[in-house]
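A structural walkthrough
Below are the chains, spelled out letter by letter.
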Amino acid sequence: MREPVLIQAKDPAGFRLSKSKYLSGLQCHKRLYLAIHSPELATEPDEHTQAILDMGTTVGELARRRFPGGVLVETDHRHPTEALRRTAALLQDPTVTAIFEGAFEFQDVLVRVDILERVSQAQDGPPAWRIIEVKSSTRIKDVHVDDLAIQTYVLAGAGLVLAGSWLMHINTPYVYPGGELDLEQLFALQDVTAGVAVRQSDVPGRLAGMKEMLVASSPPGIEPDGHCHTPYDCPFWDHCTKDKPARWVYHLPGGGRVFQQLIQKGIQTIDEIPPGFRLSILQRRVKDNVEWVGPRLKAALQTARYPVHHLDFETFMPAIPKYPLTRPYQVIPTQWSNHIETEDGGISHDEYLSMEARDPREEIARTLLDSVGKEGTICVYSEYERHILECLCEAVPSLKQELQLVIARLWDLHPVIRDNYYHPEFQGSFSIKSILPALVPSLSYDDLHIQEGSLAAQQYDRMVFEETDWVEKARIREALLRYCERDSLGMLEVRRVLLGKALSEATVPKLE
Ligand code: SF4
């Protein structure tokens, strides 16, 4: 048996790559170059990104419980030599059935392996190990195979006998019955040995290309485009785009192919696009960059019936189910806000936010039914609220009939605006976050502690399931209420502003 080669001298150029750096290099050589030579240029992860990373850590820790008898290499990433030594000792201990976060190095690539399971030990032969990568995603992605390929390359180089490569991810069909989680059901295990072997054969060439690139005196001249967001958002985006013009052609909506065509023609700004260039209607509006009021705006807005309710839900999607009879990543509504406008212009506001660590859906449904009553249009923005109400029908069958009547009253403001109105400050986007500041500048999101739905979801989870300080709980509660309220009030004000524009447009005589 060949002793595992665990510690090697660093590359003469001084670069030690990790598996995440290798994956960065696969996405973009410039990203890897900047990560090694100028990491200070990266944008710090925002709260939402950090929450995703934290969730991955939680899922990883839970996955380990499927391997009783496994031992964690606790040494952190700042002490690789110690981690390598500890791993070497565990490999030699036949009582260790699995190693978590084991460290290995080969050709100046250092990897930490989520789970290494001892599979068998033939008499006088070396033990074989199964490598298992844990992901909080719901399916295998291409990048996961590359992730395992660099790990198996390093492990094989370090002298380990590998018995297969597996991916462990969240199994969304699992219905949590309550009580203890069934880890066999919560996680799906997929054998990806064959795909990883194919990808592993590319590793030496790719590593050589990266190392050659890294010794250059300046980063490769790669221009930012769609590749900067696939498979991950690059943290150097702000740096790479800092000199781009405000009306850079990349900001043309839905324009991946169009963007490439324009760049090939040497066109950098939207204003330089020649008149004959083929654009979609929305792209044309962005290029024209003037306000447009469609002839049918007034009629479309006047289909709303008073009292007009303006409804917004907030939700969260826990990767690990929290409530009985729910699935991983199931959407759970946690709060709603409803602004009601009567025909005489009066406005009232109702809201509900669940504060308890129990399934909030029935309470959400009951309180909402009380608020929307039986009369009037229910204005929403996009199909999301319809989807949530349909989920509530399933979750609370005793209220299904009443909820279906609510669904029948939904009135979507999004297509009304998309088809009948454009403002230059939309910059091609019809999200409520784009249209509200443009149409009602006094109601932007800048003054709010929570400014987007994913952060609201993360803060809700923290408030209900983690936070113990009542002062902090109260602070989060207030921030959540103000965020949801902004969306529903925003819809109301946008409707009013648009109605004003449509009415004044209708009274202006048209020049022939
Ligand atoms: S922003 Fe794009 S071009 Fe710049 S380093 Fe990142 S991936 Fe590469």
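In short, a report on the structure. Since we're looking at a predicted model, the values are computed, not measured. (Residues numbered from 1 in each chain as written. Predicted model: local features only at pLDDT ≥ 70, side-chain atom pairs only at ≥ 80, totals over all residues. Heavy atoms only, no water.)

1. Focus on the overall build of the protein chain
Secondary structure summary: the protein chain contains 19 helices and 14 strands in total. Based on the C-alpha atoms only, the size of the protein chain along its principal axes is roughly 90 × 60 × 40 Å. Across the 512 residues that make up the protein chain, the buried fraction comes to 48%. Counting only contacts in the protein chain whose residues sit at least 6 apart along the sequence, the fraction spanning at least 24 positions is 69%. Of the accessible surface of the protein chain, which amounts to about 25,300 Å², a share of 51% is contributed by carbon and sulfur atoms. Taken as two groups, the 55 positive and 72 negative side-chain charges of the protein chain have centres that lie 4 Å from each other. (Helix = DSSP H or I, 4+ residues; strand = E, 2+ residues; numbered from the N terminus. Buried < 20%, exposed > 50% of the residue type's maximum accessible area, 1.4 Å probe, protein only. Contact = heavy atoms within 4.5 Å. Areas by Shrake-Rupley, 256 points an atom, 1.4 Å probe, with all protein chains shown as cover. Lys, Arg positive; Asp, Glu negative; His and termini not counted. Charge placed at Lys NZ, Arg CZ, Asp CG, Glu CD.)

2. Some details on the pattern of salt bridges
Following the criterion strictly, the structure yields 29 salt bridges and no others. In this structure, the salt-bridge partner of lysine 135 is aspartate 147, at a minimum N-O distance of 2.9 Å. Pair noted here: lysine 135 is in the loop between strand E5 (127-134) and helix H5 (142-157) and aspartate 147 is in helix H5, with a separation of twelve residues, a long-range link. By the burial criterion, lysine 135 is buried, and aspartate 147 matches it. Arginine 496 is the partner of glutamate 341 in a salt bridge, and the nearest nitrogen-oxygen pair spans 2.8 Å. Pair noted here: glutamate 341 is in strand E10 (residues 332-341) and arginine 496 is in helix H19 (residues 470-507), with a separation of 155 residues, a long-range link. Several salt bridges converge on common partners, so that one network encompasses Lys19, Glu133, Lys135 and Asp147. (Salt bridge = Lys/Arg side-chain N within 4 Å of Asp/Glu carboxyl O.)

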